Amino acid sequence: MAADLIPHEGVLGPDEDYEGMLFDGASFAEADAGHCHFLDSSFLNVSFDGGRLRKARFTDVTLRETRFVGSDLAETGWQDVTLDGCALAGVQAFSASMRRVTFRSCKLDSVNFRGGTLTEVRFEDCVLRDAEFGGATLRRVSFGGCTLARADFTKASCDEVDLRGAELGISGGYESLRGATIDSVQLVGLAPLLARHLGIIVAE
């Protein structure tokens, strides 16, 4: 696919359409790319430091070894997107809409998905630290092989969410996990936290 793409040069601008583009090794500092549409494009070893991509759309896009640090991805739209080996830190992705998106071997640190809608999203072998899913809608979302540390699901809505195979560290929103699937090993680990949350006293 990359051989058929047009190499991109220069900066990103707002309200632009980027179709069939290859972003290879680019570094964007404080990019102003709100309302852009990235279509049938590929990002390889790209870094976004800060920047505003609010309400941008990513459709049929692949991102590999790409980094977002402190970037504004709020209200963005993602459809048929794969992120492979990417890192996201301090990213605002609240109210984002994601459909058929795969995060593979990614590191997500303090990413805010609050109020977002995630449909058919797969997190595979990822590390998620301080991820915020508060008030988000998760439908057919899976976390196979992931490590979740201090993930917050407060007031989230879960429908066919599969947590099996993940290491679960949940800081809030246990009641919102109604509709999620866990395995027996995870249940044993969560039992003391669930008991504490429900006010159940366990005594010998």
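Draft legend 1. Quick look at a negative patch on the surface. There is a patch of like negative charges on the surface, built from D15, E16, D17, E19, D32, D40 and D60. Given the relative accessible area of 31%, D40 is considered partly exposed.

Draft legend 2. Spotlight on the side chain of D72. Topologically, D72 is positioned in the loop between β9 (67-69) and β10 (77-84). Taking the relative accessible area as the measure of exposure, D72 reaches 14% and is therefore buried. Only 3.0 Å separates the side chain of D72 from the backbone nitrogen of A74, close enough to count as a polar contact. Setting aside residues up to four positions removed in sequence, D72 forms contacts with G51, R52, L53, R54 and Q92.

Draft legend 3. Just the sheet that holds strand β13 (residues 107-109), in detail. Pairing is parallel in the open sheet, where seven strands are placed in the order β4-β7-β9-β11-β13-β15-β17. Only two strands of the sheet have a single neighbouring strand rather than two, namely β4 (27-29) and β17 (147-149). Averaged over neighbouring strand pairs, the angle between their axes works out to 5 degrees when direction is ignored. Note: strand β7 (residues 47-49) against β9, three bridges, orientation parallel.

Draft legend 4. Local environment of the pairing of strand β3 (residues 21-24). Relative to β3, strand β1 (residues 6-7) is paired through two bridges, and the arrangement is parallel. Across the sheet, I6 pairs through a bridge with M21, a residue of β3.

Draft legend 5. Up close: the state of the cysteines. One pass over the full model with this rule turns up zero disulfides. Looking at C126, it has no disulfide partner, and the nearest cysteine sulfur is the one in C146, 4.5 Å off. In this structure C126 comes out as buried when scored by relative accessible area, which is 1%. A residue is classified by how much of its surface remains accessible, and C146, at 2% relative accessible area, is buried.

Draft legend 6. Seen up close, the packing of aromatic side chains. With the rule as written, the count across this model stands at 19 aromatic pairs. Here F123 and F143 contribute two aromatic rings whose centre-to-centre distance is 4.9 Å and whose plane-to-plane angle is 5 degrees, an arrangement assigned as stacked. Taken together, the residues F123 in strand β14 (residues 117-124) and F143 in the loop between β16 (137-139) and β17 connect sequence positions 20 residues apart. Here F143 falls in the buried class, since its relative accessible area comes to 0%.

Draft legend 7. Highlighting the nonpolar core. One finds F38, F103, L108, F123, L128, F133 and F143 to be the most contacted residues of the largest nonpolar core, which totals 59 residues. The set of elements that each furnish at least two residues to this core consists of β3, β8 (57-64), β10, β12 (97-104) and β14. If near-sequence neighbours (up to four positions away) are discounted, F103 is found in contact with L83, M98, L108, V121, R122, F123, E124 and C126.

Draft legend 8. Representation of the side chain of T59. Secondary-structure assignment places T59 in strand β8. Taking the relative accessible area as the measure of exposure, T59 reaches 17% and is therefore buried. At 3.0 Å, the side chain of T59 forms a polar contact with the side chain of H37. When near neighbours in sequence (up to four residues on either side) are disregarded, T59 contacts H37, F38, L39, D40 and Q79.

Draft legend 9. Fine view of the pairing of β14. Sheet topology places β12 next to β14; seven bridges connect them, and they run parallel. Within the sheet, the bridge partner assigned to R99 lies in β14 and is T119. Judged from the three bridges that link them, β14 and β16 form a sheet pairing that is parallel. Paired with T117 across the two strands is T137, which belongs to β16.

The rules behind these values
Residues numbered from 1 in each chain as written. Predicted model: local features only at pLDDT ≥ 70, side-chain atom pairs only at ≥ 80, totals over all residues. Heavy atoms only, no water. Patch = residues over 30% accessible without salt bridge, like charges linked within 9 Å, V, L, I, M, F, W, Y side chains within 5 Å. Areas by Shrake-Rupley, 256 points an atom, 1.4 Å probe, with all protein chains shown as cover. Salt bridge = Lys/Arg side-chain N within 4 Å of Asp/Glu carboxyl O. Lys, Arg positive; Asp, Glu negative; His and termini not counted. Charge placed at Lys NZ, Arg CZ, Asp CG, Glu CD. Buried < 20%, exposed > 50% of the residue type's maximum accessible area, 1.4 Å probe, protein only. Helix = DSSP H or I, 4+ residues; strand = E, 2+ residues; numbered from the N terminus. Polar contact = N/O pair within 3.5 Å; in protein donor to acceptor, adjacent residues only side chain to side chain. Contact = heavy atoms within 4.5 Å. Pairing = 2+ DSSP bridges. Axes fitted to C-alpha atoms, helices over the stretch in contact; angles between N-to-C directions. Disulfide = S-S within 2.5 Å. Phe/Tyr/Trp six-rings, centres within 6.5 Å; stacked < 30°, edge-to-face > 60°. Core = buried A, V, L, I, M, F, W, Y, C linked by side-chain atoms within 4.5 Å.

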